[in-house]
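What follows is the residue order along each chain.
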Amino acid sequence: MEPANYTRLTEFVLTGLSQTREVQLVLFVIFLSFYLFILPGNILIICTIRLDPHLTSPMYFLLANLAFLDIWYSSITAPKMLVDFFVERKRISFGGCITQLFFLHFVGASEMFLLTVMAFDRYAAICRPLHYATIMNRRLCCILVALSWLGGFIHSIIQVALIVRLPFCGPNELDSYFCDITQVVRIACTNTFPEELVMIFSSGLISVVCFIALLMSYAFLLAMLKKHSGSGESTSRAMSTCYSHITIVVFMFGPSIYIYARPFDSFSLDKVVSVFHTVIFPLLNPIIYTLRNKEVKTAMKKLVNRYILCKEK
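Bear in mind that the values here come from a model prediction, so they are computed numbers and not experimental data.

### Re the overall build of the protein
- Of the regular secondary structure elements, the protein holds eleven helices and three strands.
- For the protein, the succession of helices and strands along the chain, N to C, is α-β-α-α-β-α-α-α-β-α-α-α-α-α.
- When burial is assessed residue by residue, the protein has 49% of its 313 residues classed as buried.
- Contacts in the protein between residues at least 24 apart in sequence constitute 80% of all its contacts with a sequence separation of at least 6.
- Summing over all exposed atoms, the protein offers an accessible surface of approximately 15400 Å²; the carbon and sulfur share of this is 67%.
- Taking the 26 positively charged and 19 negatively charged side chains of the protein as two groups, their mean positions are separated by 12 Å.

Set out below in structure tokens:
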């Protein structure tokens, strides 16, 4: 194999979500409405946690980081997808494709690691309540978040390193609306079995292992809470938080396992799952969490009322 003779490809062509003009317009209205409605909600969550002096718990610090990563994650693919609904030939440069792929895996893996950190935070709060403030101090929270980002960066660099060394000499059409390893690998002009194996191990196996570990952790925490069900409102709040975390974990890891923990063959549900995985669920995750948290909802109402009253004055 002589990569210099093959890697002359300068762009990829995306098939998009639909070839029908009417369907594309309907999808554009749906996704744009959803994006513009949910995006400000996530920004409001971050602003509320930053500005409200009562939301200083490590849990809220981690939630703000989750909202930030989810905004970033969905914005990697959504803007171009919306623009491409009005473009006859949907193109993306080779460099743009690699950049999109890099940030998709960088932010996605960082979020997975952050969800693991949030599970540890709940363990410390429920099982070691007297030492919670000492264990989950601000310095440790910052270190854990930084390690989550570092883990995501290392994971993404591995994916990019495997992709850029592949030769591309034939068709340049990707059956998707964005660039990802599962589509790019399929059109390489060489046997990609070793690369696929590494990618499945890196993305798929990590997703499966983290998913099972997180579910077992929350099952353990819920069992602990049920033993102390007579503790009243604090126990009920802790259980509600755990259920919210479990919902987020399922939304994040379920599609990821479907996409990456299998051979990179094409299936009919791939595009549907990808849309939920890259656009819809990331924006919904913090909202789902916040709807079950009275303190955040109360703080958000105060923040909105404060700005409304200021404008009225």
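Here the narrative resumes.
### Let's talk about the UniProt feature "transmembrane region" (unreviewed entry) in the protein
- When the UniProt feature table is mapped onto this chain numbering, "transmembrane region" (unreviewed entry) sits at residues 25-47, 59-78, 98-120, 140-164, 200-221, 242-261 and 273-291.
- Secondary structure content for residues 98-120 is 100% helix and 0% strand, and the end C-alpha separation is 33 Å.
- Across residues 140-164 one finds 100% helix and 0% strand; the C-alpha atoms that close the span lie 36 Å apart.

### Quick look at the side chain of K90
- Inspection of the secondary structure assignment puts K90 in strand 2 (residues 90-93).
- Buried and without a salt bridge, K90 has D84 as its closest oppositely charged side chain, separated by 6.6 Å.
- Side-chain polar atoms of K90 contact the backbone oxygen of V87, separated by 3.2 Å.

### Quick notes on the nonpolar core
- Formed by 93 residues in total, the largest nonpolar core has its most connected members in F12, F31, L115, I163, L174, Y218 and F253.
- With 17 residues, helix 4 (residues 94-127) is the single largest residue contributor to this core.
- With near-sequence residues (within four places) excluded, F31 lies in contact with L17, M81, L82, F85, V275 and I280.

### Notes on the sheet that holds strand 2
- The three strands lie next to each other as 2-1-3, forming an open sheet whose pairing is mixed. The open sheet is flanked by strand 2 and strand 3 (173-174), the only strands paired with a single partner.
- In terms of strand pairing, strand 1 (residues 11-14) meets strand 2 through four bridges, oriented antiparallel. Considered in strand 2, the bridge of L14 is made with K90.

### Quick word on the environment of I45
- Along the chain, the position of I45 falls in helix 2 (residues 21-51).
- When residues no more than four places from it in sequence are discounted, the contact partners of I45 are L63, P286, I287, T290 and M300.

### Section: the pattern of salt bridges
- On inspection of all chains with the given rule, the structure shows eight salt bridges.
- A salt bridge links R91 to E11; the nearest nitrogen and oxygen atoms lie 3.8 Å apart. With R91 in strand 2 and E11 in strand 1, this residue pair connects regions lying 80 residues apart in the sequence.
- For K271, the salt bridge goes to D175, with nearest N and O atoms at 3.1 Å. You can see K271 sitting in helix 10 (residues 270-291) and its partner D175 sitting in the loop between strand 3 and helix 7 (181-184), a full 96 residues away along the chain.

### Remarks on the pairing of strand 1
- Bridge analysis of strand 1 against strand 3 gives two bridges, and the strand direction is parallel. The residue bridging V13 from the neighbouring strand is E173, located in strand 3.

### As for a nonpolar patch on the surface
- On the surface, I143, L147, L150, F153, I154, I157, I158 and V198 cluster together into a nonpolar patch covering about 650 Å² of accessible area.
- Top contributing element to the nonpolar patch by residue count: helix 6 (residues 138-164), with seven residues.
- When you line up the elements, L150 lands in helix 6.
- With a relative accessible area of 45%, L150 lands in the partly exposed category.

### Thoughts on helix 10
- In this model, helix 10 (22 residues) spans 29 Å end to end at C-alpha, consistent with the 32 Å of a helix rising 1.5 Å per residue.
- Along helix 10, the sharpest kink reaches roughly 50°, centred on F281 and followed within four residues by the proline P282.
- For helix 10, a buried count of 16 out of 22 residues is recorded, marking the element as mostly surrounded by other parts of the structure.

### Topic: the state of the cysteines
- Evaluation of the coordinates by the stated rule reveals two disulfides.
- Shown here is the disulfide that connects C97 with C179, its sulfur atoms set 2.1 Å apart. The chirality of the disulfide connecting C97 with C179 is left-handed, given an S-S dihedral of about -115°. Placement of the pair is C97 in helix 4 and C179 in the loop between strand 3 and helix 7, with a sequence separation of 82 residues.
- Among the residues examined, C179 registers a relative accessible area of 0% and is labelled buried.
- Across the disulfide from C169 sits C189; the S-S distance is 2.1 Å. The chirality of the disulfide connecting C169 with C189 is left-handed, given an S-S dihedral of about -130°. Within this pair, whereas C169 is found in the loop between helix 6 and strand 3, its partner C189 is found in the loop between helix 7 and helix 8 (193-227), the two being separated by 20 residues in sequence.
- Under the relative-accessibility criterion, C189 is labelled partly exposed at 29%.
- Counting only the cysteines that take part in disulfides, in the order they occur along the protein, gives the pairing 1-3, 2-4.
- C141 forms no disulfide, and the closest cysteine sulfur to it belongs to C142, at a distance of 6.9 Å.
- You can call C141 buried: its relative accessible area is 2%.

What counts, and where the lines are drawn
- Residues numbered from 1 in each chain as written.
- Predicted model: local features only at pLDDT ≥ 70, side-chain atom pairs only at ≥ 80, totals over all residues.
- Heavy atoms only, no water.
- Helix = DSSP H or I, 4+ residues; strand = E, 2+ residues; numbered from the N terminus.
- Buried < 20%, exposed > 50% of the residue type's maximum accessible area, 1.4 Å probe, protein only.
- Contact = heavy atoms within 4.5 Å.
- Areas by Shrake-Rupley, 256 points an atom, 1.4 Å probe, with all protein chains shown as cover.
- Lys, Arg positive; Asp, Glu negative; His and termini not counted.
- Charge placed at Lys NZ, Arg CZ, Asp CG, Glu CD.
- UniProt positions renumbered as here; feature names shortened; annotations may be inferred.
- Salt bridge = Lys/Arg side-chain N within 4 Å of Asp/Glu carboxyl O.
- Polar contact = N/O pair within 3.5 Å; in protein donor to acceptor, adjacent residues only side chain to side chain.
- Core = buried A, V, L, I, M, F, W, Y, C linked by side-chain atoms within 4.5 Å.
- Pairing = 2+ DSSP bridges.
- Patch = residues over 30% accessible without salt bridge, like charges linked within 9 Å, V, L, I, M, F, W, Y side chains within 5 Å.
- Expected span 1.5 Å × (residues − 1).
- Bend = angle between axes of the 7 residues up to and from the residue.
- Disulfide = S-S within 2.5 Å.

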